[in-house]
Amino acid sequence: MAKIQTLNLNYTAQNNNNVSENILEDVNFTINKGEFIVLLGESGCGKSTLLNTLSGLQKPTSGQVLIDGENLKGPDSSISLIFQKSTLLPWLSVKENIAFGCKIRKDFENLDDRVAQYIEMIGLHNHRNSYPHELSVGMAKRVDIARALVGGPDILLLDEPFAPLDLYTRRKLQDELIYIWQESGMTCVFVTHNIESAIVLGQRIIIMSNNPGKIDSILDVPLEYPRRHSHQLFDKLKRKLLKKFGMAFHL
Amino acid sequence: MNDSNHTFKEKLIFGIAGSVIFLLIWTGAGYLLTIHPDFQHFAGFHPKATFKALYHLLFDDLFWNSVLASLNRIIVGLCFSLVLGIPIGMLIGFYKLIWQITYFPIQFLRMISPLSWMPIAILVFASFDSSIYFLITVACVWPILLNTAQGVNRVNKDFINMAINQGATDWQLLTKIILPSALPYMIIGLRLALGIAWVILVPAEFLGVSSGLGYSINDARDTLEYDRLLAIVFAIGCLGLMLDSLVQFVEKRCYLKFMAKPG
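Along every chain, residues carry numbers that run from 1 in the direction the sequence is written. Naming scheme: in the order in which they are written, chains are lettered from A and ligands are numbered from 1. Predicted model: local features are reported for residues with pLDDT of at least 70 only, side-chain atom pairs are reported and counted for 80 or more only, and whole-chain, interface and lining totals are derived from all residues. Hydrogens are left out, water is left out, and the side-chain values use all remaining heavy atoms of the structure.

Asker: Just to check I follow, could you spell out the overall build of chain B for this structure?
Answerer: Along the backbone of chain B there are 10 helices and 0 strands. Secondary structure follows DSSP: runs of H or I at least 4 residues long count as helices, runs of E at least 2 residues long count as strands, and numbering of each begins at the N terminus. Sequence-ordered secondary structure for chain B, helices as α and strands as β, is α-α-α-α-α-α-α-α-α-α. When the backbone C-alpha atoms are referred to their principal axes, chain B occupies close to 80 × 60 × 30 Å. When the 263 residues of chain B are sorted by exposure, 39% land in the buried category. Accessible surface is estimated by sampling points in the Shrake-Rupley manner with a 1.4 Å probe; for residues, cover comes only from the protein chains shown. Approximately 15400 Å² of chain B is accessible, and the part contributed by carbon and sulfur atoms is 72%. Positive charges come from Lys and Arg, negative ones from Asp and Glu, while His and the chain ends are left out of the count. Here the site of a charge means NZ on Lys, CZ on Arg, CG on Asp, or CD on Glu. Where the 17 positive side-chain charges of chain B centre and where its 15 negative ones centre are 12 Å apart. Remark: exposure states derive from per-residue accessible area (1.4 Å probe, protein chains only) relative to the maximum for the residue type, with buried under 20%, exposed over 50%, and partly exposed in between.

Asker: Explanation requested: helix 4 (residues 96-110) of chain B in the structure shown.
Answerer: A turn of α-helix holds 3.6 residues, and therefore any two residues three or four places apart point the same way. Taking 1.5 Å per residue as the helical rise, helix 4 of chain B with its 15 residues ought to reach 21 Å, and the 20 Å between its terminal C-alpha atoms agrees with that figure. Fitting axes to the seven residues ending at a residue and to the seven starting there, one defines the bend at that residue as the angle between these axes. The sharpest bend along helix 4 of chain B measures roughly 45° and falls at Thr102(B), with the proline Pro105(B) sitting one to four residues further on. Each residue after the first adds 1.5 Å to the expected span of a helix.

Asker: Explanation requested: the pattern of salt bridges in the structure shown.
Answerer: Residue and element names in this part refer to chain A. Within this document, salt bridges are pairs made up of a side-chain nitrogen of Lys or Arg and a carboxyl oxygen of Asp or Glu, the two lying within 4 Å of each other. Tallied over the entire structure, the rule returns 17 salt bridges over all chains. The residue Glu196 makes a salt bridge to Arg171 at a minimum N-O spacing of 3.4 Å. Linking Glu196 in helix 6 (residues 195-201) with Arg171 in helix 5 (residues 167-184), this pair joins segments that are 25 residues apart in sequence. Between Asp235 and Arg239 there is a salt bridge, and its shortest N-O distance comes to 3.3 Å. Linking Asp235 with Arg239, this pair stays in helix 7 (residues 232-248), spanning 4 residues, or about one helical turn.

Asker: Please clarify how a nonpolar patch on the surface should be interpreted in this entry.
Answerer: Together, Phe8(B), Leu12(B), Ile16(B), Val20(B) and Leu24(B) make up an exposed nonpolar region whose accessible area comes to about 520 Å². Position of Phe8(B) relative to the elements: it lies in helix 1 (residues 2-34). Patch membership requires more than 30% relative accessible area and the absence of a salt bridge. Residues of like charge join within 9 Å; the nonpolar side chains Val, Leu, Ile, Met, Phe, Trp and Tyr join within 5 Å.

Asker: Even after reading the chapter, I still don't get the sheet that holds strand 7 (residues 155-159) of chain A, so can you show me in this structure?
Answerer: Within a beta sheet, neighbouring strands are joined by backbone hydrogen bonds and run either parallel or antiparallel to one another. Residues and elements named next belong to chain A. Pairing between two strands is assigned when DSSP locates at least 2 bridges connecting them. Here we have 6 strands laid out as an open sheet, ordered 6-7-8-3-9-10, and mixed in their pairing. One side of each edge strand has no neighbouring strand; the edge strands of this open sheet are strand 6 (79-82) and strand 10 (214-220). Recorded for the sheet is a direction-independent mean angle of 20° between the axes of neighbouring strands. Pairing geometry for strand 6 and strand 7, over 4 bridges, is parallel. Across the sheet, Ile79 pairs through a bridge with Ile155, a residue of strand 7. Working rule for contacts: check all heavy atoms of both residues, and any pair within 4.5 Å makes them a contact. Note on method: axes are straight lines fitted to C-alpha atoms, helices fitted across the in-contact stretch only, with angles between N-to-C directions ranging 0 to 180 degrees. Against the sheet, helix 5 makes contact with strand 3 (36-40), strand 7 and strand 8 (187-192), and its axis sits at roughly 140° relative to strand 3, the strand it touches most.

Asker: Just checking my understanding: could you explain unusual backbone geometry for this structure?
Answerer: The general pattern is negative phi for most residues beyond glycine and trans for most peptide bonds. Each neighbour pair has its own omega, and for Tyr225(A) with Pro226(A) the value is -15°, a cis peptide bond. Unusually for a residue other than glycine, Asp68(A) sits at a positive phi of about 50°. Take Asp68(A): its relative accessible area is 41%, and that puts it in the partly exposed class. Phi angles above zero are rare outside glycine, and Leu224(B) is one such case at about 60°. Relative to the helices and strands, Leu224(B) is located in the loop between helix 9 (213-222) and helix 10 (226-258). Note on Leu224(B): relative accessible area 59%, which makes it exposed.

Asker: Is there a simple way to explain the side chain of Arg204(A) in this structure?
Answerer: Residues and elements named next belong to chain A. Secondary-structure assignment places Arg204 in strand 9 (residues 204-209). N or O atoms within 3.5 Å of each other form a polar contact, as long as, within protein, one can give a hydrogen and the other can take it, and as long as residues adjacent in sequence are counted only when both atoms are side-chain atoms. Within polar-contact distance, the side chain of Arg204 engages the backbone oxygen of Thr30 at 2.9 Å. Filtering out sequence-adjacent residues up to four positions away, Arg204 remains in contact with Thr30, Ile31, Asn32, Glu35, Phe36, Ile37, Val38, Ile218, Leu219 and Asp220.

Asker: What is the right way to read the interface of chain B and chain A from this model?
Answerer: Accessible area lost when the parts come together is the quantity often used to give the size of an interface. Opposite the 21 residues of chain B that make contact, chain A presents 24 residues. With both sides pooled, the region where chain B packs onto chain A buries about 2000 Å², and carbon together with sulfur makes up 62% of that total. Viewed at the interface, chain A and chain B are joined by 0 salt bridges. Looking at the side of chain B that touches chain A, the elements that each hand over two or more residues are helix 7 (157-165), helix 8 (170-205) and helix 10 of chain B. Ranked by the residues each element gives to the side of chain B that touches chain A, the list is headed by helix 7 of chain B, at 7 residues. Grouping the constituent residues of the side of chain B that touches chain A by class yields 11 nonpolar, 6 polar and 4 charged. Here's the idea: put two parts together, see how much 1.4 Å probe accessible area each one loses, and the total over both is what we call buried area. Three categories are distinguished: nonpolar for Ala, Val, Leu, Ile, Met, Phe, Trp, Tyr, Cys and Pro, charged for Asp, Glu, Lys and Arg, and polar for the others, with Gly belonging to the last.

Asker: Looking at this structure, I do not really get the sheet that holds strand 4 (residues 62-67) of chain A. What am I missing?
Answerer: Residues and elements named next belong to chain A. Across the sheet, 4 strands lie side by side as 2-1-4-5; this open sheet has antiparallel pairing. Because the sheet does not close on itself, it has two edges, and the strands there are strand 2 (20-31) and strand 5 (70-71). Contacting strand 1 (4-14), strand 2 and strand 4, helix 1 (residues 47-55) runs over the sheet at an angle of about 60° to strand 2.

Asker: What am I meant to see in the packing of aromatic side chains here?
Answerer: In this description, a pair of aromatic rings is defined by centroid distance and the angle of the planes. Only the six-membered ring of Trp is used, alongside the rings of Phe and Tyr, when aromatic pairs are assigned; centres must lie within 6.5 Å, and planes under 30 degrees apart are stacked while those over 60 apart are edge-to-face, with the rest tilted. Tallying each qualifying case throughout the model produces 16 aromatic pairs over all chains. With a centroid separation of 5.3 Å and 75° between ring planes, the pair formed by Phe94(B) and Tyr95(B) is classed as edge-to-face. Given a relative accessible area of 44%, Tyr95(B) falls into the partly exposed group. A centroid spacing of 5.4 Å and a plane angle of 55° characterise the contact between Trp99(B) and Tyr103(B), whose relative ring orientation is tilted. Taken together, the positions of Trp99(B) and Tyr103(B), both in helix 4 and 4 residues apart, correspond to about one turn of that helix. Aromatic ring contacts, followed pair by pair, group Phe36(A), Phe162(A), Trp181(A), Phe190(A) and Tyr225(A) into a single cluster.

Asker: Can you walk me through the pairing of strand 4 of chain A in this structure?
Answerer: Two faces, one strand: in a regular strand the side chains alternate between the faces of the sheet. Residues and elements named next belong to chain A. Here strand 1 runs beside strand 4; their pairing, made up of 5 bridges, is antiparallel. Within the sheet, the bridge partner assigned to Thr6 lies in strand 4 and is Val65. Here strand 4 hands over to strand 5 after 2 residues, with Asp68 in that stretch at a positive phi of 50°.

Okay, structure coming up:
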């Protein structure tokens with residue numbers, strides 16, 4: 001529901017030895033409304049920095065992020081971010097955690113109903129009054145997702161959200177995420193270093209190179225959802241990406 | 001459930017065993033002290049005499065007035081410490097610059113025995129009561145301040161980013177994320193402060209006030225009532241234990257609610 005554009009994004013930071021490092025260099029891309037984009041790259045290539053910049057949490061050293069043509073000035077409630085580590089507040093129950101964002105924005109309209117609806121959707125009705133330490137990692141991740149969605153964001157940014165999960169839970173949650181995205185029509189940007197996840201999820205995969213973080217290339221994934229690993233094209237794309245990383249980083 | 005019952009039973013048995021050993025050592029020490037004919041007048045230090053005096057104390061209005069006077073001083077002193085320690089601790093925990101600037105002065109002041117301020121306190125404050133409030137505050141502010149600072153400093157940065165992403169204002173960050181995160185640390189600070197306050201109280205009450213447990217000890221010494229003296233000492237220990245258990249109870253509840261458990 002919103003188009004994201006980046007114009008010559010640069011981000012420079014001081015490292016531990018007080019030497020300034022280019023984390024992002026001349027990042028330019030356009031993400032269409034309602035598109036599912038995967039940002040794929042090695043750990044430390046600046047993809048999380050890029051995602052934080054898209055969320056407005058981090059200001060670029062130079063360049064701009066345009067949301068529907070407008071310059072992004074700071075965090076915006078229409079852009080929701082899901083972190084790698086679960087960020088459920090330990091002193092709030094599942095229900096209260098999901099309502100947290102809406103409550104601080106004073107968005108109280110039908111809040112109880114909306115929260116209940118998302119609890120149903122993530123299948124945690126019996127755990128709605130549980131506290132985060134009583135949940136498994138997969139359940140906690142579902143609550144993170146529900147909290148990010150309950151405010152009805154136009155853009156959902158995900159920073160390796162499924163990395164701490166086991167393979168079964170990850171595949172299940174990936175399918176659920178695709179279903180939610182198709183139902184809602186949000187624009188999704190998903191950061192990962194996992195090639196299979198990238199192919200399962202992305203309509204397009206933006207491949208980032210390392211040191212400094214740059215856009216290497218953009219790969220189209222012309223496969224129907226839900227995507228199966230057994231598909232011939234899946235395998236072909238996987239080989240292509242593996243080869244790309246092998247060549248790009250001399251592995 | 002079975003396991004926790006087991007540990008409770010163990011706690012009880014070992015607790016009783018410890019108390020019995022304590023009583024035996026006390027009896028032995030009392031016996032050794034009074035074996036010499038010159039020390040016969042110290043017979044009041046025996047557990048039997050002490051407990052008898054303690055029983056009398058329980059029906060003594062003067063004793064309960066002393067307890068109330070002492071508790072009042074502790075509470076007022078702790079309130080001053082909280083009012084000073086929590087905001088300053090939060091500033092120190094939040095701004096690295098303030099932490100760096102205040103580090104040496106705080107470590108320096110912290111190492112000075114609060115009782116060293118006694119002569120100055122008497123000069124500066126009009127009443128003895130205010131001097132005692134001051135001494136308790138000077139002793140208790142440090143653990144509260146430093147623990148608050150540590151709690152604020154250790155707030156999960158992802159929680160802050162999450163709240164900002166969800167649209168939190170600075171005030172909401174403070175009240176919805178930082179304060180609840182730091183609360184368990186503040187309570188640890190409070191518990192340490194309470195222990196220190198209780199220790200400082202008795203010498204502070206030697207200062208010249210005419211109420212309180214410290215004063216009662218002095219009074220019992222002057223009137224040579226050693227059984228009463230030791231009974232008050234015993235009561236101080238019991239009250240301190242109760243106060244600590246109370247804060248420990250709150251601390252445990254708070255830990256369960258506010259701290260993320262590993263795994």
